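Structural overview for review
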Amino acid sequence: MRTTEVTTDYRRSSRLADPAADGAYLFAEHTIEAGRATPFGSHPRDHRSFVVIAGRVRLETPHGDEPPRTYGYLGGWHTLPGCVHRIVNAGAEPAVLVEAGSVRGETVTGAGPRAVPCRCPDVSDYTVHKPWGDEVWYTRNLPDVPYALKRIRMTEGHQSSLQSHRRKLETNYVIEGEATVLSGATAPDDLDAVIDVGDLTTTVHRPRSGWTNPPNDLHRVIARTDYTSIEVSTPELDDVIRWQDDAGRGHGRIESEHAGGRS
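The present account deals with the structure reproduced in this document. Just so it is clear, the model here is predicted, and its values are computed rather than measured.

**So, the sheet that holds strand β9 (residues 86–89)**
- Read across the open sheet, the three strands follow the order β7-β6-β9; overall the sheet is antiparallel. At either end of the open sheet lies a strand with only one pairing partner, and these are β7 (69–71) and β9. Recorded for the sheet is a direction-independent mean angle of 30° between the axes of neighbouring strands.
- Sheet topology note: the strand β6 (residues 57–60)/β7 ladder contains three bridges and is antiparallel. Bridge assignment links Val57 to a residue of β7, and that residue is Tyr71.

**So, the state of the cysteines**
- Scanning the entire structure with this criterion turns up one disulfide.
- Here Cys83 connects covalently by a disulfide to Cys118, the sulfurs 1.6 Å from one another. Of the two residues, Cys83 is situated in the loop between β8 (76–79) and β9 and Cys118 in the loop between β11 (108–109) and β12 (127–130); the sequence distance between them amounts to 35 residues.
- Here Cys83 falls in the buried class, since its relative accessible area comes to 2%.
- Assessed through its relative accessible area of 5%, Cys118 is described here as buried.
- Left unpaired, Cys120 is separated from the closest cysteine sulfur, that of Cys83, by 3.4 Å.
- For Cys120, a relative accessible area of 1% gives the class buried.

**With respect to the sheet that holds strand β14 (residues 148–154)**
- Read from one edge of the open sheet, six strands run β12-β13-β14-β21-β16-β19, paired in antiparallel fashion. Edge positions in the sheet fall to β12 and β19 (209–213), since each has one partner strand and no second. Here the average twist between neighbouring strands, direction ignored, is 20°.
- Here strand β13 (residues 133–137) pairs with β14 via five bridges, running antiparallel. Across the sheet, Gly133 pairs through a bridge with Met154, a residue of β14.

**Concerning the nonpolar core**
- Counting 24 residues, the largest nonpolar core has Tyr25, Phe27, Val98, Tyr138 and Ile230 as the members making the most contacts within it.
- For this core, the secondary-structure elements that each account for two or more residues are β5 (48–54), β10 (95–101), β16 (170–176) and β21 (227–233).
- The element best represented in this core is β10, accounting for three residues.
- Filtering out sequence-adjacent residues up to four positions away, Tyr138 remains in contact with Val51, Leu74, His78, Val123, Ser124, Leu149, Lys150, Arg151 and Ile230.
- Counting 13 residues, the second largest nonpolar core, distinct from the first, contains Phe50, Val57, Tyr71 and Cys120.

**Looking at unusual backbone geometry**
- Unusually for a residue other than glycine, Leu74 sits at a positive phi of about 65°.
- Take Leu74: it is sitting in the loop between β7 and β8.
- The residue Asp144 is not glycine, and still its phi comes out positive at about 60°.
- A relative accessible area of 77% means that Asp144 is categorised as exposed.

**Quick word on the environment of Tyr147**
- Mapped onto the elements, Tyr147 comes out in the loop between β13 and β14.
- Sequence separation of Tyr147 and Leu97 is 50 residues, and the distance between their C-alpha atoms is 18 Å.
- Setting aside chain neighbours within four positions, we find Tyr147 in contact with Tyr25, His47, Arg48, Ser49, Ala100, Gly101, Ser102, Thr139, Leu142, Val232, Ser233 and Pro235.
- At 2.8 Å, the side chain of Tyr147 and the side chain of Ser49 are in polar contact.

**Concerning the environment of Pro117**
- If you trace the backbone, Pro117 turns up in the loop between β11 and β12.
- Each C-alpha atom, one on Pro117 and one on Gly82, is 8.2 Å from the other, the two residues being 35 residues apart in sequence.

**Brief notes about the pairing of β5**
- Here β5 lies mainly inside the structure; six of its seven residues are buried.
- Strand direction decides the pairing type here: β5 and β8, joined by four bridges, are antiparallel. Paired with Ser49 across the bridge in β8 is His78.
- Inspection of the sheet shows β5 paired to β10 by six bridges, in the antiparallel sense. From the neighbouring strand, Val52 faces β10, where its bridge partner is Leu97.

What counts and what doesn't
- Residues numbered from 1 in each chain as written.
- Predicted model: local features only at pLDDT ≥ 70, side-chain atom pairs only at ≥ 80, totals over all residues.
- Heavy atoms only, no water.
- Pairing = 2+ DSSP bridges.
- Helix = DSSP H or I, 4+ residues; strand = E, 2+ residues; numbered from the N terminus.
- Axes fitted to C-alpha atoms, helices over the stretch in contact; angles between N-to-C directions.
- Disulfide = S-S within 2.5 Å.
- Buried < 20%, exposed > 50% of the residue type's maximum accessible area, 1.4 Å probe, protein only.
- Core = buried A, V, L, I, M, F, W, Y, C linked by side-chain atoms within 4.5 Å.
- Contact = heavy atoms within 4.5 Å.
- Polar contact = N/O pair within 3.5 Å; in protein donor to acceptor, adjacent residues only side chain to side chain.

Listed below in structure tokens is the structure:
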């Protein structure tokens, strides 16, 4: 699924979402070489979220609005519209991070004058506990943005519900472990229909690979090992139709899973 789009003297970048996500959200992976940094830049109309998946990076702003902060594995932050910042490799090895965000406008390169105060809140630690593992809803602390970003962990031998979404479009990217994904059939209109999972296509995903599920696509994820993925989607996080579920859960949001989630 990854298609390399940009190679410079300081980074390699790959697109992670397939063309079905065009216009819905950005999802990309960046590798910053040791001793390198991105240029200062900003997104005047867009929110962006960054999560480190290898190495260490330092976030810097040119006008002193935010003190420099260093992030390691699964640490991350958001940049709000207009915030000028750059990312510095803070270690001796290449650093890898994923970027997600809205795609309303252009990217501006350069520090330039201070247009707006820069705000870079850390990603949220809001945790949703599932029968098969847990999710951290990284964008819980970004109100009214057109994308959602999660970290998903599933334990070996467990599986998600067989599910579909009426509106939600999502892309998953594995960063640890292995997962089997069943997908490739359209959900029926009849919510009482019996689904034969044998009719679905099976794919295996290992670290640094992933998949996209469009609305109404039947899908299930099975943990071949303990696995961790990063998911970006459109914002309809409670839009879930469960056709089969090992824990007997119904459709939509399960309130008990959100107890003590924090924010």
